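A look at the structure
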Amino acid sequence: MAQRCRRHALEHRHPDFPERQVHEVSAGEEERCLVPGTEPFRGHASRRTTAFRTCLVRFAGNSCPVEAQAAGRPVELRAPADHVEIRLGGETAFGHVRGFGRGRAV
């Protein structure tokens, strides 16, 4: 399928620019559109859970410690790519570097 698409781009004229072929227009668009990001990625996974009375929160197969004030209370767990934040009442109650193994206490 990919070969057929490449062949089509080489053999056919672009519908909006009849003087140019599809691959020529596509190459010009890539140069303008694929700009490297200047800011770090800010996305994260987020979920609500309850901290255990043992002051731990389970996330991705691991146990994450929290402050004693969060034990037994609902918390929000946010996990960007590099760290984990446990939030209590909108404030960050605990944070640490994210680990990607399983069955560990982080």
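As a reminder, the structure under discussion sits directly above these lines.
Treat the numbers as computed from the prediction; the structure is a model and nothing was measured. All residue numbers refer to positions counted from 1 along the written sequence of the respective chain. Totals for whole chains, interfaces and linings use every residue, but because this is a predicted model, local features are given only for residues with pLDDT of at least 70 and side-chain atom pairs only at 80 or more, for both listing and counting. Heavy atoms from the whole structure form the basis of all side-chain values; hydrogens and water molecules are not counted.

**Some points on the overall build of the chain**
The numbering of helices and of strands both runs from the N terminus, where a helix is a DSSP run of H or I of at least 4 residues and a strand a run of E of at least 2. Counting secondary structure elements, the chain contains two helices and six strands. Going from the N terminus to the C terminus, the chain shows its helices and strands as α-α-β-β-β-β-β-β. In this scheme, a residue with accessible area under 20% of its type's maximum is buried, one over 50% is exposed, and one in between is partly exposed, where area comes from a 1.4 Å probe on protein chains only. Relative to its full complement of 106 residues, the chain shows a buried share of 24%. In the chain, of all internal contacts separated by at least 6 residues, the share reaching a separation of at least 24 is 32%. The Shrake-Rupley method, run with a 1.4 Å probe sphere, supplies the accessible areas, and residue values consider only the shown protein chains as cover. Of the roughly 7,900 Å² of accessible surface on the chain, 52% is carried by carbon and sulfur atoms. The contact definition used throughout considers only heavy atoms, calling two residues in contact when any of these lie within 4.5 Å.

**Looking at the sheet that holds strand 1 (residues 45–50)**
In sheet architecture, strand pairing relies on hydrogen bonds along the backbone and comes in two forms, parallel and antiparallel. When DSSP finds two or more bridges between two strands, those strands count as paired. Spatially, 1-4-5-6 is the arrangement adopted by the four strands of the open sheet, whose pairing is antiparallel. On the outer flanks of this sheet lie strand 1 and strand 6 (91–97), each paired with one strand and no other. Here the average twist between neighbouring strands, direction ignored, is 20°. One ladder, built from six bridges, connects strand 5 (residues 83–88) with strand 6; its direction is antiparallel. In the strand pairing of strand 6, Val84 is matched with His96. A fitted line through C-alpha atoms represents every axis, and for helices the fit uses only the stretch in contact; the resulting angles, taken between N-to-C directions, go from 0 to 180 degrees.

**Examining the pattern of salt bridges**
Here, a salt bridge means any Lys or Arg side-chain nitrogen found within 4 Å of an Asp or Glu carboxyl oxygen. Following the criterion strictly, the structure yields two salt bridges and no others. Residue Arg78 pairs with Glu76 through a salt bridge whose shortest N-O separation is 3.2 Å. In this structure Arg78 comes out as partly exposed when scored by relative accessible area, which is 25%. Residue Glu85 pairs with Arg87 through a salt bridge whose shortest N-O separation is 3.9 Å. Given the relative accessible area of 17%, Arg87 is considered buried.

**Describing the side chain of Glu76**
Mapped onto the elements of the fold, Glu76 is located in strand 4 (residues 74–79). Residues in contact with Glu76, not counting those within four places in the same chain, are Ser46, Arg47, Arg48, Glu85, Ile86 and Arg87.

**Observations regarding the nonpolar core**
Judged by nonpolar contacts, the single largest core of 13 residues is most densely connected at Val75 and Ile86. Taken together, the elements giving at least two residues each to this core come down to strand 2 (56–59), strand 4 and strand 5. The contact partners of Ile86, leaving out residues within four places of it in the chain, are Cys64, Pro65, Val66, Val75, Glu76, Leu77, Glu91, Thr92, Ala93 and Phe94. Throughout, nonpolar core names a set of buried Ala, Val, Leu, Ile, Met, Phe, Trp, Tyr and Cys residues whose side chains join them through atoms within 4.5 Å.

**A few points about the pairing of strand 3 (residues 62–65)**
Taken together, the four bridges between strand 2 and strand 3 define a ladder with antiparallel strand orientation. Across the sheet, the residue bridging to Val57 is Cys64, located in strand 3. Between strand 2 and strand 3, which pair antiparallel and follow one another directly, the connecting turn spans two residues, one of which, Ala60, has a positive phi of 50°.

**Comments concerning the environment of Ala70**
Of note, Ala70 is situated in the loop between strand 3 and strand 4. Note on Ala70: relative accessible area 0%, which makes it buried. In the structure, Ala70 is positioned 24 residues away from Phe94 in sequence and 9.6 Å away in space, judged by C-alpha atoms. Leave out the neighbours within four places in its chain, and Ala70 touches Ala51, Val75 and Leu88.

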